[in-house]
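Chains, contacts and geometry: an overview
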Amino acid sequence: MSLRKGSKVWVEDRDLAWVAAEVVDFVGKQVQVVTASGKKVWASAEKVPPRDPDAEDHGGVDDMTKLTYLNEPGVLYNLERRYALNDIYTYTGSILIAVNPFTKLPHLYNVHMMEQYKGAQFGVLSPHVFAVADASYRAMMNEGRSQSILVSGESGAGKTETTKLIMQYLTYVGGRAAGDDRTVEQQVLESNPLLEAFGNAKTVRNDNSSRFGKFVEIQFDANGRISGAAIRTYLLERSRVVQITDPERNYHCFYQLCASGRDAEKYKLGKPDNFHYLNQSKSYELEGVSNAEEYLKTRRAMNIVGISHDDQEAIFRTLAAILHLGNVEFSPGKEHDSSVLKDQKSTIHIQMAADLFMCDMDLLRATLCTRTIQTREGDIIKALDCNAAVASRDALAKTVYAKLFDWLVEKVNRSVGQDQNSQVQIGVLDIYGFECFKHNSFEQFCINFANEKLQQHFNEHVFKMEQEEYSKEEINWSYIEFIDNQDVLDLIEKKPIGIIALLDEACMFPKSTHKTFSTKLFQNLRTHQRLEKAKFSETDFTISHYAGKVTYQTDTFLDKNRDYVVVEHCNLLSSSKCPFVAGLFPSMPEESSRSSYKFSSVASRFKQQLQALMETLNSTEPHYIRCVKPNSLNRPQKFENQSILHQLRCGGVLEAVRISLAGYPTRRNYSEFVDRFGLLVPELMDGSFDERTTTEKILQKLKLENFQLGKTKVFLRAGQIGVLDSKRAEVLDSAAKRIQGRFRTFIARKDFVLIRAAAFALQAYCRGCHARNIYVAKREAASALILQKYVRRWLLRNVYMQLYSASVLLQSCIRGFSNRQRFLHQKKHRAAILIQAQWRMCKVRSIYRNRQTSIIAIQCRWRQKLAKRELRRLRQEANEAGFLRLAKNKLEKQLEDLTWRLQLEKRLRVSNEEAKSMEISKLKKALETLNLELDAAKLVTVNECNKNAVLQNQLDLSCKEKSALQRELIGMAELRKENAFLKNSLESWEKKNSELALELIKSQKDRNDTLEKLQEVERKCFQFQQNLQSLEEKLSSLEDENHVLRQKALTPSPKSNRPGFVKSFSEKYTGPLALTQSDRKPVFESPTPTKLIAPLSMTLSESRRSKFAIERHQENHEFLSSCIQADLGFKEGKPVAACIIYKCLLHWRAFESERTAIFDHIIEGINEVLKVGNENIALPYWLSNASALLCLLQRNLRSNGFLTTISQRSAGSSGVTARVGQSLKSPFKYIGFDDSMSHVEARYPAILFKQQLTACVEKIFGLIRDNLKKEISPLLGSCIQAPKTVRHAGKLSRSPRGLPQQSQSSQWDSIIKFLDSLMDRLRGNHVPSFFIRKLITQVFSFINISLFNSLLLRRECCTFSNGEYVKSGLADLEKWIASVTEEFAGTSWHELNYIRQAVGFLVIHQKRKKSLEEIMQDLCPALTVRQIYRISTMYWDDKYGTQSVSNEVVAQMREMLNKDNQNLTSNSFLLDDDLSIPFSTEDIYMAIPAMDPSDVELPPLLSEHPSVQFLIIHPK
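Okay, so let's go over this structure. Just so it is clear, the model here is predicted, and its values are computed rather than measured.

Let's talk about the overall build of the chain
The number of helices and strands found in the chain is 50 helices and 29 strands. Partitioning the contacts of the chain with sequence separation of at least 6, the portion at a separation of at least 24 is 73%. Accessible area for the chain stands at about 79,600 Å²; split by element, carbon and sulfur atoms hold 54% of it.

Looking at the sheet that holds strand 18 (residues 541–545)
Across a sheet, paired strands are connected by hydrogen bonds in the backbone, their directions being either parallel or antiparallel. Reading across from one edge, 17-18-19 is the order of the 3 strands in this open sheet, with antiparallel pairing throughout. Sheet topology places strand 17 (531–533) and strand 19 (548–552) at the edges, where each strand pairs with a single neighbour. Neighbour-to-neighbour, the strand axes of this sheet turn through a mean angle of 30 degrees, independent of strand direction. Sheet topology places strand 18 next to strand 19; 5 bridges connect them, and they run antiparallel.

Comments concerning the pairing of strand 3 (residues 30–35)
Two strands pair when backbone bridges link them, and strand 2 (residues 17–27) and strand 3 are joined in this way by 6 bridges, in the antiparallel orientation. Along strand 3, the bridge assignment pairs Val27 with Gln30. Remark: 2 residues form the turn of the hairpin made by strand 2 and strand 3, two consecutive strands paired antiparallel; Gly28 in that turn has positive phi of roughly 65 degrees. Bridge count for strand 3 against strand 4 (residues 40–44) is 5 bridges, and the pairing is antiparallel. Bridge pairing links Val31 to Ala43 in strand 4.

Let's talk about the pattern of salt bridges
Across all of its chains, the model carries 29 salt bridges by this definition. When the shortest N-O distance is used, the salt bridge between Arg232 and Glu217 registers 3.5 Å. Of this pair, Arg232 sits in strand 11 (residues 226–234) while Glu217 is found in strand 10 (residues 213–220), placing the two residues 15 residues apart along the sequence. Look at Arg232 and you get partly exposed, because its relative accessible area is 28%.

Describing helix 47 (residues 1425–1434)
Among the 10 residues in helix 47, 10 count as buried, and that is most of the element. For helix 47, the complete set of buried residues consists of Val1425, Arg1426, Gln1427, Ile1428, Tyr1429, Arg1430, Ile1431, Ser1432, Thr1433 and Met1434.

Here's the deal with the sheet that holds strand 2
If you walk across this open sheet you meet the 4 strands as 1-2-3-4, and the pairing is antiparallel. Taken across any chain shown, the strands that pair with only one partner, and hence form the sheet edges, are strand 1 (8–13) and strand 4. Strand-to-strand twist in this sheet, taken as the mean axis angle between neighbours without regard to direction, amounts to 50 degrees. Packed onto the sheet, helix 1 (residues 72–84) meets strand 1 and strand 2 and runs at close to 135 degrees relative to strand 2.

Brief notes about the state of the cysteines
Counted under the stated rule, the structure contains 0 disulfides. Of all cysteine sulfurs, the one in Cys253 lies closest to Cys258, which takes part in no disulfide; the gap is 9.8 Å.

Digging into the environment of Val1399
Within the element layout of this structure, Val1399 appears in helix 45 (residues 1393–1403). Distance in space between the C-alpha atoms of Val1399 and Phe1348 is 9.1 Å, their sequence separation being 51 residues. In this structure Val1399 touches Gly1363, Val1366, Lys1367 and Leu1370, once residues within four positions along its chain are discounted.

A few points about helix 45
What helix 45 keeps buried is the set Ile1395, Gln1397, Ala1398, Val1399, Phe1401, Leu1402 and Val1403. The inward-facing, buried residues of helix 45 contact helix 42 (1329–1353), helix 43 (1360–1385), helix 46 (1412–1419) and helix 47.

What to know about the pairing of strand 18
The buried fraction of strand 18 amounts to 5 of the 5 residues, a majority that puts the element mostly inside the structure. Burial along strand 18 is two-sided: the face carrying Phe541, Ile543 and His545 and the face carrying Thr542 and Ser544 are both buried. The sheet contact formed by strand 17 and strand 18 spans 3 bridges and is antiparallel. Across the sheet, Leu531 pairs through a bridge with Ile543, a residue of strand 18. Following strand 18, the chain reverses through 2 residues before pairing antiparallel with strand 19.

What about the packing of aromatic side chains?
Two numbers describe a pair of aromatic rings. These are the distance of the centres and the angle of the planes. The final tally for this structure, using the stated rule, is 33 aromatic pairs. One aromatic cluster in this structure is built from Phe442, Phe445, Phe517, Phe541, Tyr552 and Phe557. Just above the ring of Tyr255 sits the side chain of Arg249; from NZ or CZ to the centre is 4.0 Å. In this arrangement the basic side chain of Arg626 is found over the ring face of Phe458, its NZ or CZ atom lying 4.6 Å from the centre.

Considerations on the packing of helix 43 against helix 45
Angle between the axes and distance between the axes are the two parameters that describe a pair of packed helices. Interaxial distance between helix 43 and helix 45 falls to 8 Å at its minimum, and their mutual angle equals 140 degrees. When the axes of helix 43 and helix 45 are compared, the pair comes out oblique. Crossing angle aside, the handedness with which helix 43 passes helix 45 is left-handed. Where helix 43 abuts helix 45, its residues Phe1360, Gly1363, Glu1364, Val1366, Lys1367 and Leu1370 lie against Ile1395, Arg1396, Val1399, Leu1402 and Val1403. Class assignment for the residues of the contact of helix 43 with helix 45 results in 7 nonpolar, 1 polar and 3 charged.

Things to note about the packing of helix 15 (residues 442–473) against helix 16 (residues 486–493)
Where helix 15 contacts helix 16, the axes come no closer than 10 Å and their chain directions differ by 140 degrees. When you trace helix 15 past helix 16, the crossing you get is left-handed. On helix 16, the residues touching Phe445, Phe449, Glu452, Lys453 and Gln456 of helix 15 are Gln486, Val488, Leu489, Ile492 and Glu493. Residue classes in the contact of helix 15 with helix 16 are distributed as 5 nonpolar, 2 polar and 3 charged.

With respect to the environment of Gly175
Note that Gly175 resides in the loop between helix 4 (159–174) and helix 5 (184–190). Taking the C-alpha atoms as reference points, Gly175 and Gly224, 49 residues apart in sequence, are found 7.9 Å from one another. Not counting the four nearest positions on each side in its chain, Gly175 is found in contact with Leu170, Arg225 and Ile226.

Things to note about the nonpolar core
Ranked by internal contacts, the top residues of the largest apolar core, which has 266 residues, are Phe198, Phe254, Phe1249, Phe1331 and Leu1373. Per-element accounting of this core gives the leading share, 15 residues, to helix 42. Counting 52 residues, the second largest nonpolar core, distinct from the first, contains Phe442, Ile447, Leu525 and Ala603.

Thoughts on unusual backbone geometry
The linkage connecting Asp246 with the following residue, Pro247, adopts the cis geometry, with an omega of 10 degrees. Examined against the element boundaries, Pro247 turns out to sit in the loop between strand 11 and helix 7 (252–258). Of note in this structure, Lys268 is not a glycine but carries a positive phi near 55 degrees. In this fold, Lys268 is placed in the loop between helix 8 (262–266) and helix 9 (276–279).

Remarks on the environment of Leu1253
Here Leu1253 shows up in helix 40 (residues 1244–1279). Between the C-alpha atoms of Leu1253 and Ile1163, which are 90 residues apart in sequence, the distance is 7.7 Å. Leaving out residues up to four positions away in the same chain, Leu1253 has contacts with Ile1163, Ala1186, Leu1189, Leu1190 and Leu1193.

So, how was this worked out
Residues numbered from 1 in each chain as written. Predicted model: local features only at pLDDT ≥ 70, side-chain atom pairs only at ≥ 80, totals over all residues. Heavy atoms only, no water. Helix = DSSP H or I, 4+ residues; strand = E, 2+ residues; numbered from the N terminus. Contact = heavy atoms within 4.5 Å. Areas by Shrake-Rupley, 256 points an atom, 1.4 Å probe, with all protein chains shown as cover. Pairing = 2+ DSSP bridges. Axes fitted to C-alpha atoms, helices over the stretch in contact; angles between N-to-C directions. Salt bridge = Lys/Arg side-chain N within 4 Å of Asp/Glu carboxyl O. Buried < 20%, exposed > 50% of the residue type's maximum accessible area, 1.4 Å probe, protein only. Disulfide = S-S within 2.5 Å. Phe/Tyr/Trp six-rings, centres within 6.5 Å; stacked < 30°, edge-to-face > 60°. Lys NZ or Arg CZ within 6 Å of the ring centre and 35° of its normal. Parallel < 35°, antiparallel > 145°, perpendicular 65-115°, else oblique. Left-handed = near helix turned anticlockwise from the far one by under 90°. Nonpolar A, V, L, I, M, F, W, Y, C, P; charged D, E, K, R; others polar. Core = buried A, V, L, I, M, F, W, Y, C linked by side-chain atoms within 4.5 Å.

This is the structure we're talking about:
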């Protein structure tokens, strides 16, 4: 690519690996670039790969092959952008890269997400591990070939979790065989802690690195169901048992055993630093990991796998024996080349090892220090020197541990359960990744050799995928050379001069050392381009692997490669008294036992196992998942570039990129290519050429070579896209310069116009100022004249006003003096008159008083005289007896009068007391009723608690008033004792009576307030009573049915009834709605108990009557069959078939009998019609008929007295429930029937028939709904994404709108046509508007769910133009809803809330200016934060290039999601499809209006049938 100033490039950085930069200068082959931080860097032009500037505007691409520049920094930063948005999965072709998020993302792995990926084409939806698992499963089922999924990555990258998700998805999509208690996923994962304890260890880079390869085979039967699983292990690192380097560790199980407490004491174990096999490294503990807790987890895993307690003890005893064996040391013996135990400590340890192995200590010591050589003459015992004895000890330890590990794997496989008959399986490989440390030994050599093998397999797969892509596009690719690493494999494994062969040859000679091995290695392979000699070492060598150069230290190569199988060791342990240890070493065949000291090469065995693994993989179709660990701290949202780049190299991802670069790395659809580069040849964009021809002419004009034109894509070689972008940038630069020139001209002209306008304005202002000055002078002169005039007038006026005021003042003084003189004269005259009047009045009053005093004195004297006369007369009469009698009579009369008054007062008091007692009783009753009402209100609703508390307070006040009244009554009792003081008692009584009256008035007011509040409570309770009333109706009907069914269950019934009853409940939706012919008795069998036990002898008349009944039933069945099979149509909107069937059943008294055969026949007939007939016609027709028949039956169903018992039962509960029960005595009043009407007897057949009809209606509704969803699904698949741009002639095709209106609406027109045809079918069959409304609502709900889920799962749908396309389609749906009215559409428009708001968010401008609160409250109130986050991160503007929401909003949403992830186990951003039936039986007959079947006449087609002549005789 030719660089120029301003080119966007990547430049290497020591910390960040790569940073974005821009070219600013050139000096020869060196370029100067400026990084984003402002740092200037000089670099070679070949080391600055190009960067796509448009990639910064979106959140990365979901497939690396879509990158404009497929290079190392592009791959790295694409992963970083996606990881920042929690898009942890990315494709590289068919390879999935999974970055560990280190946080819970439950919305990505729930059942709804698995349902979306089930059967979806690979690459259509967003990248996901489920997509890889589904692709492998579909390939297995379609091709009948086993599949394999290779999961690689370092520890902590998420390999185990990815494997778990794969198995979880395979369990979901394939199911499992019957009888499995646990899923295979659970069984395999339960064994993970056990295998990790015995197969994982700490390395330099990872604390929990797998030191073996694990291949999990998930086996399937012929039906695609999981039938078993097997775990295969490969390439266990045996040498780690006896030799480790600092800071690595041995296998976890040893440290767990040392920390086990009592078990460690039992096996005489202590701290790990006491044992030679563990203290070679100073690392004993892992950060954040407790060895004691891990030991308990290992124990639990053993229990789960099914290892018995004795076997567990034997396993840990064997581990302890290995540790003790490692502490056995040797010293030279007395004889030459012999050895003995070094000291007492070694003796103790070997004794402990022998005890733990349960073998003889002397024999164990002999097998370590000597060897037995069998010859023809006899056995020769050879002593071993110290080094050979140590090698023998280590060989025994490695052999025992390897046998133990193999036994554990076999035990796990037995626990999981294998299917030996399985023909196909899906294997999941989890193996250690490429390793490159500061010091690399024999283990790293073997591991990297295995990764080279896997990389070759990976390269072949990538090469094959490239070939398939090229063949699919029909392009020539034969001359393309792809990168291969076969030369590295030949260097390692080729015979006879490969590294492994030379190593084995060196191990065969006892005196060989690593120096001799290195010398021979460099002598034979000096010219190999992949092998180099280390600079500062004579024995180290460097191999150029696919992931980079690795230098190996050969110091321990020979020791670690030697693996001797000693026969004496095997014989010794096979004779152990411990059955477990003896079982690890079965008896060896006689031929092999002759060789006492058998050499085995670790590298050769490693090579053989690796070859077996590769054969297994080659027999399957591979799928690759590369797991990446984003940081070493295991924290979310932290991306370490250097570490990830190293993992991408080791995982082969960058190697796959290089393979792609060797071919045609850049592939573009013709439409995308022409859209981007069509501006290079504007003369070809007139629409006269198709896109392929236009592409070819563009490339030919630019004189590019080696490109290929496929069927749908153009393929470009590496660097050609850079040339195109450079040419495009030049065109855009020239266009920009032209635009800038035009813009500068516009700015200059605009400035000139502004200056000229300013000059005009300045001149006008100056002229205005001069004119204003002249005007001001003239105005001042005129003002001076006017001012002088007014001043003179003012002076003259002041003089006149002074003279006028002086004259007026003089006149006022003279007039005032004269008036005051006149006033004084009048005042003196009035005073004289008043004095005279007062004197005359005083004189007259004194004369009157004197006369009055004299008259009174005379009268008093006269009266005194008369009184004295009367006194003398009375004294004389008092002395007489008659006078006493008169006085007595008068006193008696006064006493009677007082007594009468007292009794009257008592009566008044008693009447008042009675009135008060009555009032008190009324208040008590009111309190009781209040208590009852409050109790009822509490039962009805909890929301009335606060109001009840207020009522309780009022009741307390009433009780206080009652106590006050009682105290007043006591005071009244005290008044009775004061009868002597009658007047005082009357006065006090009146006062107290008035006080009581006032208190009664207050109490009445309080009572009225309380009653008003209670009325409010009753009004609120009335609503609950109405709801309770409807519930009571349902309860009564259900209890009637249950009562009938219980009675029916208590009496023996024919077998024909029982299966139908069971199916009516258990197979309501799935199975057939009626009984099969084999389950039913003949129709003439009597179901009554008396006939079941009747004697076999029957009279002749009874047999004739039975025969006649059979014939009549047969005729009835034939008529019903013809009624069901024929399309009788509708009369005035009433279904004829339903009305006729109901009238026939009513006339034949079918509901009153105890037979169900005729009902079963009707249901079977309907099922047969639905199976045979056209679904588009039969289903709506029978939905209308079945619902009408159900409503007729339900509205005329009589309860047979069960409601009375229910009301009696509920009467004693509470006042409210009693009233409700009484109101429900006649429930048919609420649905339009009186009690006087004849109803159907509620017997067992009627109830069963109603249940069967209900199930039939629900089944038909569900079938219609499911068929509609199947029909509309493919239409919705084309409606969610706008069709490709159709180029028309002229500039119209390049308009921003891009899509012609006709092509936009064509897909949505099919939806409208589908809905119109649906409405025509439903209306044509007179389906009630209730069902139409429910169906249309559910269809629109399905449209909302499908479009919304597709929008969130497909990034190409989250675009601006696609939002406009879907929005225009939704507008068409809105018009359609308005045209069919609310009666049929219902709330359909509200069902589209999610897709409407999501599309509205896509098409708004200036998203970056919107805050999260505005988005959540105004734009998308119905969407969750997770859904808004998904849309925001997937959005990209393909029309105007605008950006999504701001980074602050994305950060806020991410923070909210992190909190939700901690609180919720699952929170999917996808919508669920509701498959429930959205109505009940009560809803049906409450919504459908009542119909009268009597006016429906029998069609002529059925009028000749003899069994329905009653319909003709009574036409009404």
